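Remarks on the overall topology
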Amino acid sequence: MLQPITPLAVTAFTATSALGRGLEAHRLALQDARTGLRANDFSLAPLACWVGRVDGVEQAALPASLAVWECRNNRLAWLGLNQDGFLGAVHAARERYGAARVALLVGTSTASIGTTEEAYRRLDPDGGFPADMLRPPIHAPHSLAGFLAEALGLEGPCLTISTACSSSAKVFASAERMIRLGLVDAALVGGVDTLCESVLFGFNALELVSRAPCRPFDRTRSGISIGEAAGFALIERAEAAPRAPRLLGYGEASDAHHMSTPHPDGLGAELALRDALARAGLEPRQVDYVNLHGTASLKNDEVEAALIGRVFPSGTRASSTKGYTGHTLGAAGILEAVITLLAIRHGLVPGNLGGNEPDPACGPQFAWRNEARSIGVALSNSFGFGGNNACLAFGGAGSGA
Amino acid sequence: MNALAVHVDGVGLWSPQLGSFAALRAILGGTPVPPPARPAAALLPAGERRRAPESVLLAVEVASQAVTMSGCNPAGLPCVFASSHGDQAIMDYMCATLAATPAELSPTRFHNSVHNAPAGYWTIATGCHASSSAVCAQRASFGAGLLEAASLALADARPVLLVCSDTAGSGPLAEVTGSPSPFGCAMVLSPQPGASTLGRLALHLCPGSIADAPAASAVPADWVAASPSASALPLLALLAQGAGRCRVMAAGSLGMDIHLEECA
């Protein structure tokens with residue numbers, strides 16, 4: 001039987017996505033029920049679909065001292081770090097605890113593969129990478145974490161978790177373990193994924209991409225819209241910040257079913273969810289809001305709607321926010337963790353944008369429109385290819401201590 | 001505190017020179033062994049084995065060896081799969097296809113391209129519903145994966161499977177990945193000693209330090225240099241010999257001292 005964890009403080013957090021840069025841009029878009037999706041204008045021959053693209057990444061060059069790390073993914077990471085005073089919070093933690101006592105744990109699905117794709121489009125006549133692409137660290141999945149470690153001067157444990165679309169949810173679990181075991185005093189967690197040909201054409205080949213803006217949990221949904229995002233959070237012991245929101249628990253589990261289709265009964269998803277509740281010491285009825293994985297794929301939404309219906313009472317509210325941001329893949333865990341923290345902070349249950357004709361599989365828990373209510377405890381679901389499931393539990397300021 | 005202690009209950013190994021941990025023991029003991037056949041990954045059902053990419057065959061082979069030695073039931077074993085570059089043949093295929101004929105990208109190769117493909121195939125084949133993870137840390141993937149797996153074993157008080165493997169470089173990508181040969185290894189790490197325990201590892205983080213030169217190990221330096229995952233070899237050599245100390249990288253600027261003690 002799992003023991004509840006000691007809650008940790010989320011002392012700073014931020015996100016940048018198609019909704020804009022930083023927390024206020026996200027709060028306003030959610031409050032106004034305004035999507036960030038647009039007709040796909042990414043790449044030379046764009047697929048006919050909609051994407052959640054971040055404006056201005058092309059203009060946001062890295063500082064000259066970090067130029068060896070140049071790529072779209074690291075630019076978005078840098079853009080994201082520079083919102084909401086987050087960079088200052090990381091520097092303060094590094095000063096307080098020491099550079100080796102702050103872990104750096106980030107999730108990404110494809111890291112800077114977009115740059116490797118570009119190298120293959122511009123191969124030399126002899127078949128090798130062009131000179132400006134001979135930068136080995138950006139052609140590896142650890143590119144994001146390597147860049148962040150150098151940009152932030154962090155020298156502690158530094159790990160990339162790449163479990164497809166659960167990646168940047170699982171970083172919270174690793175952070176809790178490292179802090180509990182005394183390996184570090186704080187952890188910078190987060191994730192970044194950017195639009196690239198691999199995911200656009202890859203999901204298209206799997207026939208999972210919608211031609212129209214994605215419609216999570218809609219009866220007529222027709223697939224996902226791919227997005228990009230950067231998000232970060234700083235995790236410390238609760239004593240460090242009595243008034244900060246809390247990481248109350250987390251759960252991780254495997255479907256053991258199929259590489260690209262969820263378990264038909266949501267077995268791994270339910271194990272992860274119940275694991276998160278057990279570590280948080282909570283009953284389902286105590287959960288006020290669940291931010292769903294809700295990709296708008298036929299299978300995910302069917303399985304997840306049934307899961308919510310059988311676990312939670314009607315008073316628990318649930319919604320997917322992928323109609324706002326698109327599915328940001330390896331960044332979805334952190335982006336939706338940040339949206340969940342915003343929901344707690346502002347007492348705003350975001351409506352399930354795009355669900356105009358609710359799937360009859362959806363129960364009374366679904367919030368189809370925005371609702372104003374106090375949220376003390378909220379969960380965020382993230383499920384990935386390979387049957388990789390994660391669930392996070394957050395609470396309001398000082399809860400669960 | 002920045003030290004952790006875990007017990008090694010099983011070891012798996014595959015490289016072009018070594019088909020198992022027993023082969024490493026034999027070579028270090030002065031007995032030559034013939035090069036192994038390609039990773040069998042016999043645990044995968046025949047259909048899955050045909051579909052599985054090389055990265056999966058390699059990881060599943062070494063994972064099976066370690067779990068068999070440990071006597072653990074893989075269905076209940078959380079797992080951490082580390083790899084610096086994932087499946088390089090698939091990455092090469094994807095980038096080459098996207099540059100030429102993107103609309104012809106294979107859906108199967110795309111879903112096999114995720115970094116957690118070995119974890120996915122393994123959990124499916126073993127019916128494992130416990131947590132599974134896929135991690136990397138550039139040249140420090142073995143040390144970082146060991147730290148992550150040991151943390152998980154101690155935090156949740158249960159045995160954990162660690163796998164660290166890399167395929168050989170492929171196509172133009174090979175120029176920037178520095179991994180001419182495939183290499184895979186696995187360990188079952190347990191918080192408590194048991195009947196299968198080979199030794200106890202004390203892991204100690206050493207900020208600012210660098211790893212030992214491969215020359216300090218009993219294994220040839222060119223074996224260690226041939227794959228990012230082969231940075232595990234000095235520790236595997238200690239396990240084969242019984243006890244000793246080595247240092248691996250746990251992150252770009254974080255060394256990790258490993259002290260291996262025999263268990264009574």
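Because the structure is a prediction, the values reported are computed rather than measured.

With that settled, consider the overall build of chain B. Across its full length, chain B carries ten helices and eight strands. In summary, chain B has a C-alpha radius of gyration of 18 Å against a globular reference of 18 Å for 264 residues, a match within 12%. The dimensions of chain B, computed from C-alpha atoms along their principal axes, are 60 × 40 × 40 Å. Within chain B, buried positions represent 61% of all 264 residues.

Quick look at the overall build of chain A now. Assigned secondary structure in chain A consists of eleven helices and 16 strands. For chain A, the C-alpha radius of gyration of 20 Å lies close to 21 Å, the compact-globule estimate for 401 residues. Overall size of chain A, expressed as C-alpha extent along the three principal axes, is 65 × 50 × 40 Å. Classification of the 401 residues of chain A by burial places 69% in the buried group. By sequence separation, contacts in chain A at least 24 residues apart represent 78% of the contacts at least 6 residues apart. Positive and negative side-chain charges in chain A, numbering 33 and 38 respectively, have mean positions lying 5 Å apart.

A few words now on the interface of chain A and chain B. Taken residue by residue, the interface counts 61 residues in chain A and 60 residues in chain B. Summing both sides of the interface, chain A and chain B together bury roughly 4800 Å²; the carbon and sulfur share of this comes to 67%. For the chain A face of the interface with chain B, the top three residues by lost area are Tyr120, Leu181 and Met259 of chain A, together amounting to 16%. At the junction of chain A and chain B, the tally comes to two salt bridges.

Now for helix H1 (residues 23-31) of chain A. Residues and elements named next belong to chain A. When H1 is considered as a whole, its buried residues turn out to be Leu23, Ala25, His26, Arg27, Ala29 and Leu30. Of the surrounding elements, those touching the buried residues of H1 are strand E1 (8-17), strand E2 (20-21), helix H10 (322-325), helix H11 (332-346) and strand E13 (348-349). Just past H1, the residue alanine 33 takes up positive phi, approximately 50°.

Another aspect to go through is the side chain of threonine 325 of chain A. Residue placement: threonine 325 of chain A occurs in helix H10. Setting aside residues no more than four positions away along its own chain, threonine 325 of chain A makes contact with Ser17, Ala18, Leu19, Leu37, Gly52, Gly227, Leu335 and Ile339 of chain A.

Another point: the packing of aromatic side chains. One pass over the full model with this rule turns up ten aromatic pairs over all chains. Ring plane angle 20° and centroid distance 5.3 Å describe the contact between phenylalanine 366 of chain A and tryptophan 368 of chain A, whose orientation is recorded as stacked. A single burial state applies to phenylalanine 366 of chain A and to tryptophan 368 of chain A, both of which are buried. An aromatic cluster of three or more residues is present, and its members are Trp69, Trp78 and Phe147 of chain A. One residue, arginine 109 of chain B, lies across the ring of tyrosine 93 of chain B, its end atom 4.0 Å from the ring centre.

This part is about the confidence of the model for chain B. In the predicted model, chain B carries a mean pLDDT of 95, and 98% of its residues have values of at least 70. With a pTM of 0.98, the predicted complex shows an ipTM of 0.98.

Opposite charge on two side chains permits pairing when their charged atoms draw close. Residues and elements named next belong to chain A. A full pass over the atoms with the stated rule returns 32 salt bridges over all chains. Note that aspartate 132 is salt-bridged to arginine 122, the shortest N-O span being 2.8 Å. Taken together, the residues span a long stretch of sequence, with aspartate 132 in the loop between helix H4 (113-121) and helix H5 (143-152) and arginine 122 in the loop between H4 and H5 at a distance of ten residues. Overall, the relative accessible area of 41% leaves aspartate 132 in the partly exposed class. A relative accessible area of 32% means that arginine 122 is categorised as partly exposed. The salt bridge involving arginine 221 is made with aspartate 359; its shortest N-O contact spans 2.7 Å.

Turning next to unusual backbone geometry. Residue and element names in this part refer to chain B. Look at alanine 41: it is not a glycine, yet its phi comes out positive at around 45°. Mapped onto the elements of the fold, alanine 41 is located in the loop between helix H1 (21-28) and helix H2 (46-51). Of the residues examined, alanine 41 reaches a relative accessible area of 0% and is grouped as buried.

Here we come to the nonpolar core. Formed by 140 residues in total, the largest nonpolar core has its most connected members in Leu148 and Phe172 of chain A together with Phe142, Leu146, Leu201 and Leu236 of chain B. In terms of nonpolar packing, the next biggest core, distinct from the first, is built from 58 residues, Ala119 and Leu200 of chain A together with Val56 and Tyr121 of chain B among them.

All names here are of chain B. Direction of pairing for strand E7 (residues 244-251) relative to strand E8 (residues 254-261): antiparallel, over a ladder of seven bridges. Looking at the pairing, arginine 245 lines up with histidine 259 of E8. Counted between consecutive antiparallel strands, the loop separating E7 from E8 contains two residues.

For the rest of this paragraph, the subject is helix H7 (residues 141-155) of chain B. Its 15 residues place the ends of H7 of chain B 21 Å apart at the C-alpha level, agreeing with the 21 Å of an ideal helix rising 1.5 Å per residue. At the C-terminal side of H7 of chain B, alanine 157 of chain B shows a positive phi close to 50°.

All right, on to the packing of H4 of chain A against helix H4 (residues 88-100) of chain B then. Relative orientation of the contacting elements H4 of chain A and H4 of chain B amounts to 60°, with a least axis distance of 8 Å. In terms of axis orientation, H4 of chain A runs oblique to H4 of chain B. Relative to H4 of chain B, the crossing made by H4 of chain A is right-handed. Where H4 of chain A approaches H4 of chain B, its residues Ile113, Thr116, Glu117, Tyr120 and Arg121 of chain A are matched on the opposing element by Met91, Asp92, Cys95, Ala96, Leu98 and Ala99 of chain B. Classifying every residue of the contact of H4 of chain A with H4 of chain B by side-chain character gives seven nonpolar, one polar and three charged.

Let's shift gears to the sheet that holds strand E3 (residues 38-39) of chain A. The sheet built from three strands is open, its strands ordered E3-E4-E8 (chain A) with mixed pairing. The open sheet terminates on both sides in strands that have one partner only, identified here as E3 and strand E8 (226-227) of chain A.

All names here are of chain B. When strand E1 (residues 3-14) meets strand E6 (residues 199-207), the two strands line up antiparallel, connected through six bridges. Each bridged residue has a counterpart across the sheet, and for alanine 3 the counterpart in E6 is histidine 204. Pairing of E6 with E8 involves eight bridges; the strand directions are antiparallel. Each bridged residue has a counterpart across the sheet, and for histidine 204 the counterpart in E8 is aspartate 257.

Moving on to the packing of helix H3 (residues 54-70) of chain B against helix H6 (residues 117-126) of chain B. Each pair of packed helices can be described by the angle between their axes along with the distance between the axes. Residues and elements named next belong to chain B. One can describe the packing of H3 onto H6 by two numbers: an axis separation of 9 Å at closest approach and a directional angle of 50°. Taken together, H3 and H6 sit at an angle that is classed as oblique. Taken as a pair, H3 and H6 cross one another with a handedness that is right-handed. Together, Ser55, Val56, Ala59, Val60, Ala63, Ser64 and Val67 of H3 and Ala117, Pro118, Tyr121 and Trp122 of H6 make up the contact between the two elements. When grouped by side-chain class, the residues that make up the contact of H3 with H6 number nine nonpolar, two polar and no charged.

Basis of the calculations
- Residues numbered from 1 in each chain as written.
- Chains lettered and ligands numbered in written order.
- Predicted model: local features only at pLDDT ≥ 70, side-chain atom pairs only at ≥ 80, totals over all residues.
- Heavy atoms only, no water.
- Helix = DSSP H or I, 4+ residues; strand = E, 2+ residues; numbered from the N terminus.
- Rg over C-alpha atoms; globule rule 2.2 N^0.38 Å.
- Buried < 20%, exposed > 50% of the residue type's maximum accessible area, 1.4 Å probe, protein only.
- Contact = heavy atoms within 4.5 Å.
- Lys, Arg positive; Asp, Glu negative; His and termini not counted.
- Charge placed at Lys NZ, Arg CZ, Asp CG, Glu CD.
- Buried area = accessible area lost by both parts, 1.4 Å probe.
- Salt bridge = Lys/Arg side-chain N within 4 Å of Asp/Glu carboxyl O.
- Phe/Tyr/Trp six-rings, centres within 6.5 Å; stacked < 30°, edge-to-face > 60°.
- Lys NZ or Arg CZ within 6 Å of the ring centre and 35° of its normal.
- pLDDT = per-residue confidence, 0-100.
- Core = buried A, V, L, I, M, F, W, Y, C linked by side-chain atoms within 4.5 Å.
- Pairing = 2+ DSSP bridges.
- Expected span 1.5 Å × (residues − 1).
- Axes fitted to C-alpha atoms, helices over the stretch in contact; angles between N-to-C directions.
- Parallel < 35°, antiparallel > 145°, perpendicular 65-115°, else oblique.
- Left-handed = near helix turned anticlockwise from the far one by under 90°.
- Nonpolar A, V, L, I, M, F, W, Y, C, P; charged D, E, K, R; others polar.

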